[in-house]
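Listed here are the chains, written in short residue letters.
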Amino acid sequence: MPVTSEPAKGDDILETKGSFEYPDTESSTGKHGLPNPRAVAVFRKMDLIVLPVVTLIYFLSSLDRSNIGNARIAGLQKQLHMTDTQYSIALTATLIPYTLIDIPSNLLIKAVGPRWMVPTMVILWGLTCTLQGVVHNYAGLIVARLFLGLFEGGLLPAISLYLSSFYPRRHLQLRIAIMFSATSLASAFSGLLAAAIINMDNVGGRPGWAWVFILEGLFTILFGISAFWLLPNTPTTSPFFSLEEKEVIRQTLELDGITETDKKDESFTKENFLQTFLQPHVILVMIIGFMNGSTLSGLALFLPSIVASLGYKGTHAQLMSVPPFAVSAVLSVITAFLADRFARRGLTIFFFAVVATAGFAVFYASFVNHVRYGALFLLVPGTYCIGPPLGTWMANNSAPFIRRATALALLPVATNLGSILSTWLLGTISPAPRYRSATITLLVFQIAIALCAVLNVAWLSRENRRKARERAAAGAGEGKHSVVGAGNDSIWFHYVL
């Protein structure tokens, strides 16, 4: 639907501006980056409706995927008679279907609808997580991990796409950061929860590590069932909004070039799908995603083992893995607020890559366990806080819908490939307590992340300048073209830096 400077239906609710250019700083849209105070109130209400559900789903996903690290130091590897190589294979078994399912699942969501697809995924992976608690041998664990990756794999691109269809681009990173903070909180909570659950050792004839899988999986199943009623399909079909509020949402999103997932979209074509793979900013973000995914997954899966190698044992090791993740969650939300306020994704990524670089450098150079534990407070937040701006950057600069869906699926493909690398780097190739090869590799990755962020900002800035020249040459009449159809190729689409 073209947006023009002529009054449209509902303009008494929300004035349209006749341009899809997305400013870097405050403009006529007001200090909140939204068209009027009514829109601000509506999107705050959306925060209360959507964010808690999505955040808890992602929390459970992170918890159920990484709790194998807690189960490992609670006796899983020993009781199933697994070598370090077999443990790495078990982790890799999850990541292979996890990677393969991302793109097809994100394209399927438009046909099925997020309200049905996402809760179904939650229930299925919750069931698989529970069944990990009843395996008796290594082969059974491999089968369970394969199905866990299959059912859980499409979640991150699905809910990233979901949120990007609910919020204007300028307001997306804070919401993704709140959701993504669930990863840090899950890693922290996983240690606390595991420390309590393993005391159930021999209850029902099962070891403590088995109860970690069983109890966490059962809660996931229950919440997945409730999500069928809690998760709205689209913002304008939610029963929690009035007709007036739905019109505010519709106009605000359309003004930003965003199409809802249930709307007919003529740009949903094979050409737009393939074009996504060739765009420089998508490629650069994918490269960053590979390196950040390798680091993040390695920390999520192996931090309890890393902490244990620093001299902490048993329950104490579980508990000492909590503080770095808690710091990550807080910093992620604070910096996301600033990044949304000033529309600076690349700068956020660069800053935290530098922080992570310092952390890995200290961890590698020091031989003092307390100093190396202190380095975790640099490298863990530095790694985890890159995730939200990275996903937001991809979503902000990819349009129309099929490009955004494809780009948001390609990013987890890259991060999952990085995760496969980390399972071997930290699991087999680089033994504790020094983790020498892994530390050097991940240190180099942080430097490369910072360089890629700078290159992407430079390319996007050049494109914005080119589009500004073409807009000036074309004249105001060209502003009537819709970004919904033309996508990020439109001269009226302003890339977020």
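All values reported here derive from a predicted model rather than from experimental measurement. (Residues numbered from 1 in each chain as written. Predicted model: local features only at pLDDT ≥ 70, side-chain atom pairs only at ≥ 80, totals over all residues. Heavy atoms only, no water.)

(A) Expanded view of a nonpolar patch on the surface. On the surface, a nonpolar cluster with roughly 490 Å² of combined accessible area is contributed by Val330, Ile334, Phe337, Leu338 and Phe342. Exposure remark for phenylalanine 342: the relative accessible area of 44% places this residue in the partly exposed category. (Patch = residues over 30% accessible without salt bridge, like charges linked within 9 Å, V, L, I, M, F, W, Y side chains within 5 Å. Areas by Shrake-Rupley, 256 points an atom, 1.4 Å probe, with all protein chains shown as cover. Salt bridge = Lys/Arg side-chain N within 4 Å of Asp/Glu carboxyl O. Buried < 20%, exposed > 50% of the residue type's maximum accessible area, 1.4 Å probe, protein only.)

(B) Here's a closer look at helix 6 (residues 138–152). Between its first and last C-alpha atoms helix 6 spans 21 Å; for 15 residues at 1.5 Å apiece the expected length is 21 Å, and the two agree. Regarding helix 6, the residues found buried are Tyr138, Leu141, Ile142, Ala144, Arg145, Leu148, Gly149 and Glu152. Down the axis of helix 6, the buried side of the element spans an arc of 165°, and every buried residue falls inside it. Those residues of helix 6 that are buried are in contact with helix 1 (37–73), helix 2 (76–79), helix 3 (84–100), helix 5 (114–131) and helix 7 (155–164). Measuring from the backbone nitrogen of alanine 139 back to the side-chain oxygen at the start of helix 6 gives 3.3 Å, which picks out asparagine 137 as the cap. (Helix = DSSP H or I, 4+ residues; strand = E, 2+ residues; numbered from the N terminus. Expected span 1.5 Å × (residues − 1). Arc of directions from axis to C-beta. Contact = heavy atoms within 4.5 Å. Polar contact = N/O pair within 3.5 Å; in protein donor to acceptor, adjacent residues only side chain to side chain.)

(C) Fine view of the side chain of serine 398. Tracing the sequence through the fold places serine 398 in the loop between helix 17 (387–396) and helix 18 (401–429). Within the structure, the side chain of serine 398 is placed 2.8 Å from the backbone oxygen of methionine 394, a separation counted as a polar contact. Among residues more than four places away in sequence, those in contact with serine 398 are His281, Val282, Arg403, Arg404, Ala407, Asn488 and Phe493.

(D) View of the pattern of salt bridges. A full pass over the atoms with the stated rule returns 12 salt bridges. Residue glutamate 244 pairs with arginine 38 through a salt bridge whose shortest N-O separation is 3.5 Å. One end of the pair, glutamate 244, is in helix 10 (residues 243–255); the other, arginine 38, is in helix 1, with 206 residues separating them in the sequence. Classification of glutamate 244 as partly exposed rests on a relative accessible area of 40%. Across the pair arginine 403 and aspartate 489 runs a salt bridge whose closest N-O atoms are separated by 2.8 Å. On the criterion of sequence distance, the pair formed by arginine 403 in helix 18 and aspartate 489 in the segment after helix 20 (483–486) is long-range, its members being 86 residues apart.

(E) Region of interest: empty space enclosed by the protein. Per the stated rule, a full pass over the model turns up 4 cavities of 30 Å³ or more. When its volume is computed, the largest cavity comes out at roughly 530 Å³. Surrounding the largest cavity, 36 residues form its lining, Tyr58, Arg65, Leu156, Leu296 and Thr415 being those nearest its centre. Listed by contribution, the elements that provide at least two residues to the lining of the largest cavity are helix 1, helix 3, helix 7, helix 8 (172–197), helix 12 (280–309), helix 17 and helix 18. The biggest single contributor to the lining of the largest cavity is helix 18, with 7 residues. (1 Å grid on protein atoms, 1.4 Å probe; cavity = no way out; pocket = protein on both sides within 12 Å on 5 of 7 lines; lining within 4 Å. Points joined across faces, edges and corners; volume = space filled by probe spheres on them.)

(F) Structural context of the packing of helix 1 against helix 7. Packing of helix 1 against helix 7 leaves a shortest axis separation of 11 Å and a crossing angle of 165°. Relative to helix 7, the element helix 1 is oriented roughly antiparallel. Read as a crossing pair, helix 1 and helix 7 show a hand that is left-handed. On the side of helix 1, the interface is formed by Val50, Leu51, Val54, Ile57, Tyr58 and Ser61, while helix 7 contributes Leu155, Leu156, Ile159, Tyr162 and Leu163. Here the contact of helix 1 with helix 7 is built from residues that sort into 10 nonpolar, 1 polar and no charged. (Axes fitted to C-alpha atoms, helices over the stretch in contact; angles between N-to-C directions. Parallel < 35°, antiparallel > 145°, perpendicular 65-115°, else oblique. Left-handed = near helix turned anticlockwise from the far one by under 90°. Nonpolar A, V, L, I, M, F, W, Y, C, P; charged D, E, K, R; others polar.)

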